[in-house]
Amino acid sequence: MLPQRHDFPEGFLFGAATSAYQIEGHTQSGAGRTHWDDFAATPGNVVRAENGDLACDHLNRWEADLDLLAAANLDVYRFSTSWARVMPEGRGAVNGQGLDFYDRLVDGLLERGLKPAATLYHWELPSPLADLGGWRNRDIASWFADFAQVIAERLGDRLWSVAPINEPWCVAWLSHFLGHHAPGLRDIRATARAMHHVLLAHGSAVQALRAAGHQNVGAVFNFERALPADDSPEAAARAATYDAYYNRWFLSGIFHRAYPAEALAGLEPHLPQGWEGDFDTIAQPLDWCGANYYTCKRIAAAGGPWPALAEVDGPLPKTEMGWEIHPESLGFFLRRMQADYTGDLPLYVTENGMASADRLAGGRVDDQPRIDYLAAHLAQVQAVIAEGVPVRGYFCWSLLDNYEWALGYDKRFGLIHVDFDTLKRTPKASYHALARALAR
Ligand code: FCB
């Protein structure tokens, strides 16, 4: 059973999160091509080569989707603005239709009493910028700041919060070292540059948002607990390395103006010249921080070049993503953020949820495992709040089943089931449970 609204402090916010490319239907309304379109069109990258062309067709169905958000008794909606929809070439000309869409969306949220929480970049880089090197090119910081300014000028007066970049680790490491996401590189020099430029772009966008008068600017990080796979000192050391480049790099850059030594051990030779001089831009003061949390990993020592580690199978029950369910680590990361980096800053769980093998039967989806998952993670949030960690809100990933990147439409994370043939929405049992728990 889910905890109830009144089990949380007064003013605690509950929300749901989505992202543009995963739900909107990218090809409509004059959006430009993105590196995700290119990545998906390359054989072997995405399950069945699926892409975001139509996705959930949210672009045309957004009003009904916002009605569902409101009927779930949620307080806030975390969505993203597609760079290529707003600026099809990534720079220069603005696509009026694209900006109008977000304008209507924001008004639609406010009309329904929902707070609009915008993320400016949730991974769909305009292809013309990818052609120029994308995240490997230092200029991305100023291109992105210009985009931030366009959004701030048009929507800034009505946005409740803005976060420049969703999950810098995925933008940099997952996409340039592991090659699992666009642009699908496996190159340590590209990785190191992306790891640094993503923070430089973050800081530059924060400056642009401040210059436009925005008051509630944050950052959203994803965390994965790195647990040593065995008792050896080697496994402990490799888990520390994983923790450094995954969980600590971005927080350290922003809050300590430095990168962790265990990560510099491999990345420093590949960082762009003069990187040490960029922390004045990177370390802009923030108003809040968000943690996206799903799972833990078991890390073992392996041969080969740095980081010389391997992920091995763990013993806990897993979601459809193959991710172990380990709620305690959410508590771990919230405590760590406050103790080591963010102090008194308000914290939000900006994403949490699970993919499950949901089946639509008789007009219903019984997703009890998702209810249990959410309940276990919300219990961790309650526990750390009781210890004094300033967590102020929690967002489910996701409102709708959607395009789960390289896994296409196979993995269902939604509170609402989407039939990808008819695009019909069916709220799942978890949606109804949440609506009951949050009723005022
Ligand atoms: C996060 C992403 C989100 C979704 C979930 C499952 O890393 O921010 O878009 O893919 O994972």
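Note that the coordinates shown come from a computational prediction; the quantities given were computed from them, not determined experimentally.

1. A few points about the overall build of the protein
Assigned secondary structure in the protein consists of 15 helices and 13 strands. Its C-alpha radius of gyration of 20 Å places the protein within 12% of the 22 Å reference for a compact globule of 440 residues. With the C-alpha coordinates of the protein rotated into their principal frame, the extents come out at 55 × 55 × 45 Å. Across the 440 residues that make up the protein, the buried fraction comes to 63%. Taking the average place of the 38 positive charges on the side chains of the protein and the average place of its 54 negative ones, the gap between the two points comes to 1 Å.

2. Examining the pattern of salt bridges
What the rule picks out here adds up to 30 salt bridges. Between Asp75 and Arg5 there is a salt bridge, and its shortest N-O distance comes to 3.1 Å. Remark: Arg5 occurs in the segment before strand 1 (13–17) and Asp75 occurs in the loop between helix 3 (58–71) and strand 2 (76–80); sequence separation between them is 70 residues. A salt bridge links Asp410 to Arg48, with the nearest nitrogen and oxygen atoms 2.8 Å apart. Taken together, the positions of Asp410 in the loop between strand 11 (391–397) and strand 12 (416–418) and Arg48 in the loop between helix 2 (35–40) and helix 3 put the pair 362 residues apart, joining distant regions of the chain. Via salt bridges that share partners, Asp100, Asp103, Asp107, Arg154, Asp157 and Arg158 belong to a single interconnected network.

3. Here's the deal with helix 14 (residues 368–386)
Here helix 14 spans 27 Å end to end across 19 residues, near enough to the 27 Å set by a 1.5 Å rise per residue. Of all the residues in helix 14, the buried ones are Arg370, Ile371, Tyr373, Leu374, Ala375, His377, Leu378, Gln380, Val381, Val384 and Ile385. Its buried side turned inward, helix 14 meets strand 1, strand 6 (288–301), helix 13 (328–342), strand 8 (347–351), strand 11 and helix 15 (429–438). Residue Gly388 follows helix 14 closely and has a positive phi angle near 105°.

4. Side note on the nonpolar core
Judged by nonpolar contacts, the single largest core of 150 residues is most densely connected at Trp83, Trp135, Trp249, Leu334 and Val381. Once residues within four sequence positions are removed from consideration, Val381 is found in contact with Phe8, Phe12, Leu330, Leu334, Val349, Val391 and Tyr394.

5. Topic: the site of the ligand
Taken together, Gln22, His122, Trp123, Asn166, Glu167, Tyr294, Glu351, Trp397, Glu404, Trp405 and Phe413 make up the full set of residues adjacent to the ligand. Here an oxygen atom of the ligand and a side-chain polar atom of Asn166 are 3.0 Å apart. Within the side chain of Trp405, a nitrogen or oxygen atom sits 3.1 Å from an oxygen atom of the ligand. Contact with the protein chains hides 95% of the accessible area of the ligand, taken as 290 Å² for the molecule alone. Of the residues that constitute the shell around the ligand, the class distribution is five nonpolar, three polar and three charged.

6. Concerning the packing of helix 8 (residues 168–176) against helix 9 (residues 188–211)
With their axes 8 Å apart at the nearest point, helix 8 and helix 9 run at an angle of 170° to one another. The angle between helix 8 and helix 9 falls in the class roughly antiparallel. Of helix 9, the residues touching helix 8 (which contributes Pro168, Val171, Ala172, Trp173 and His176) are Ala190, Thr191, Ala194, Met195 and Val198. Residue composition of the contact of helix 8 with helix 9, by class: eight nonpolar, two polar and no charged.

7. Some points on the pairing of strand 6
With 13 of 14 residues buried, strand 6 lies mostly within the body of the structure. Summarising the sheet, strand 5 (residues 218–228) and strand 6 pair through 10 bridges and their orientation is parallel. By the bridge assignment for strand 6, Gly218 is matched with Trp288. Strand direction decides the pairing type here: strand 6 and strand 8, joined by four bridges, are parallel. Across the sheet, the residue bridging to Asn292 is Glu351, located in strand 8. Two strands pair when backbone bridges link them, and strand 6 and strand 7 (residues 309–312) are joined in this way by four bridges, in the antiparallel orientation.

8. Side note on the state of the cysteines
One pass over the structure, following the stated rule, counts zero disulfides. You can see Cys170 has no disulfide; the closest cysteine sulfur is in Cys296, sitting 16 Å from it. Under the relative-accessibility criterion, Cys170 is labelled buried at 6%. Lacking any disulfide linkage, Cys396 is separated from the closest cysteine sulfur, that of Cys56, by 16 Å.

9. A closer look at the side chain of Arg412
In this structure, Arg412 sits in the loop between strand 11 and strand 12. Here Arg412 is in contact with Met354, Ala355, Ser356, Asp358, Arg370, Asp401, His417, Val418, Phe420 and Lys428, once residues within four sequence places are set aside.

Conventions we followed
Residues numbered from 1 in each chain as written. Predicted model: local features only at pLDDT ≥ 70, side-chain atom pairs only at ≥ 80, totals over all residues. Heavy atoms only, no water. Helix = DSSP H or I, 4+ residues; strand = E, 2+ residues; numbered from the N terminus. Rg over C-alpha atoms; globule rule 2.2 N^0.38 Å. Buried < 20%, exposed > 50% of the residue type's maximum accessible area, 1.4 Å probe, protein only. Lys, Arg positive; Asp, Glu negative; His and termini not counted. Charge placed at Lys NZ, Arg CZ, Asp CG, Glu CD. Salt bridge = Lys/Arg side-chain N within 4 Å of Asp/Glu carboxyl O. Expected span 1.5 Å × (residues − 1). Contact = heavy atoms within 4.5 Å. Core = buried A, V, L, I, M, F, W, Y, C linked by side-chain atoms within 4.5 Å. Near = heavy atom within 4 Å. Polar contact = N/O pair within 3.5 Å; in protein donor to acceptor, adjacent residues only side chain to side chain. Areas by Shrake-Rupley, 256 points an atom, 1.4 Å probe, with all protein chains shown as cover. Nonpolar A, V, L, I, M, F, W, Y, C, P; charged D, E, K, R; others polar. Axes fitted to C-alpha atoms, helices over the stretch in contact; angles between N-to-C directions. Parallel < 35°, antiparallel > 145°, perpendicular 65-115°, else oblique. Pairing = 2+ DSSP bridges. Disulfide = S-S within 2.5 Å.

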